Amino acid sequence: MKSFGSKPWILPQPVLIIGTYDKEGKPNAMNAAWGGQWDMHEIMISLGSHQTTDNLSENDDFTVAFATTETIVASDYVGIVSGRNTPDKMEKAGWSVEKAPNVNAPVFKEFPMTLECRVKEKIDESETGYYLVAEIVNILCDEKYLAPDGNPDVEKMEIITYDPVHHTYIQLGKTVGKAFSDGKQLK
């Protein structure tokens with residue numbers, strides 16, 4: 001086996017679009033890859049210092065959407081351009097924005113699924129950022145992305161992941177097994 005040392009290569013990495021409002025109510029979005037489920041009803045995201053962290057110091061509410069093949073160009077754009085320096089960032093992204101029903105944060109309608117979240121804790125907060133732990137208040141899913149059982153259908157969403165090794169995006173594929181079931185064959 002070839003050794004690579006320590007790298008941020010946990011795979012797959014989500015492509016999370018974090019939506020916040022600034023103190024004037026102007027929407028902002030950023031692309032974040034270092035995040036995941038923290039507990040049953042909580043998520044954790046590692047955030048550097050951004051317009052998003054400025055916004056979260058004013059308002060504890062935000063949304064998290066999952067980038068897709070359809071949203072890839074604008075999703076990458078909001079990750080490489082700062083809202084601090086580009087006042088028309090959201091106009092250039094071209095997303096339709098509406099207020100989330102349960103939190104004071106924007107929902108970008110182009111995404112199939114959005115988590116409505118509220119900050120619970122900021123860990124190791126410094127000038128360079130922090131680890132954000134947040135409560136999932138509600139989950140919204142566009143009905144065209146529901147499976148016959150009424151739950152979100154991840155395959156229909158064409159969600160992408162970030163490949164930190166080659167700096168590319170990869171679309172998630174097809175279902176290949178059944179969790180908490182397939183392993184029973186070995187019992």
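Our structure's up above, just so we're on the same page.
To start, this report covers the structure provided alongside it. (Residues numbered from 1 in each chain as written. Predicted model: local features only at pLDDT ≥ 70, side-chain atom pairs only at ≥ 80, totals over all residues. Heavy atoms only, no water.)

1. Examining the nonpolar core
Part 1 of the argument: Judged by nonpolar contacts, the single largest core of 22 residues is most densely connected at Ile18, Ile43, Ile45, Phe62 and Val64.
Part 2 of the argument: Listed in part, the 17 residues of the second largest apolar core include Ala65, Ala67, Ala74 and Ala93. (Core = buried A, V, L, I, M, F, W, Y, C linked by side-chain atoms within 4.5 Å. Buried < 20%, exposed > 50% of the residue type's maximum accessible area, 1.4 Å probe, protein only.)

2. Concerning the sheet that holds strand S1 (residues 13–14)
Part 1 of the argument: An order of S1-S11-S12 is seen for the three strands of this open sheet, with the pairing classed as antiparallel. The open sheet has two edge strands, S1 and strand S12 (168–171), and neither has a second partner.
Part 2 of the argument: Relative to S12, strand S11 (residues 160–163) runs antiparallel, the two sharing four bridges. What sits directly across from aspartate 163, in S12, is threonine 168. (Pairing = 2+ DSSP bridges. Helix = DSSP H or I, 4+ residues; strand = E, 2+ residues; numbered from the N terminus.)

3. Here we look at the side chain of glutamate 116
Part 1 of the argument: Position of glutamate 116 among the secondary structure elements: in strand S9 (residues 113–126).
Part 2 of the argument: Within the buried set, glutamate 116 has no salt-bridge partner at all; the shortest N-O distance to an opposite charge, 6.9 Å, is to lysine 99.
Part 3 of the argument: Only 2.6 Å separates the side chain of glutamate 116 from the backbone nitrogen of asparagine 102, close enough to count as a polar contact.
Part 4 of the argument: Within the structure, the side chain of glutamate 116 is placed 3.4 Å from the backbone nitrogen of valine 103, a separation counted as a polar contact.
Part 5 of the argument: What glutamate 116 contacts, discounting residues up to four positions off in sequence, is Phe62, Thr63, Ala100, Pro101, Asn102, Val103, Glu135, Ile136, Val137, Asn138 and Leu140. (Lys, Arg positive; Asp, Glu negative; His and termini not counted. Salt bridge = Lys/Arg side-chain N within 4 Å of Asp/Glu carboxyl O. Polar contact = N/O pair within 3.5 Å; in protein donor to acceptor, adjacent residues only side chain to side chain. Contact = heavy atoms within 4.5 Å.)

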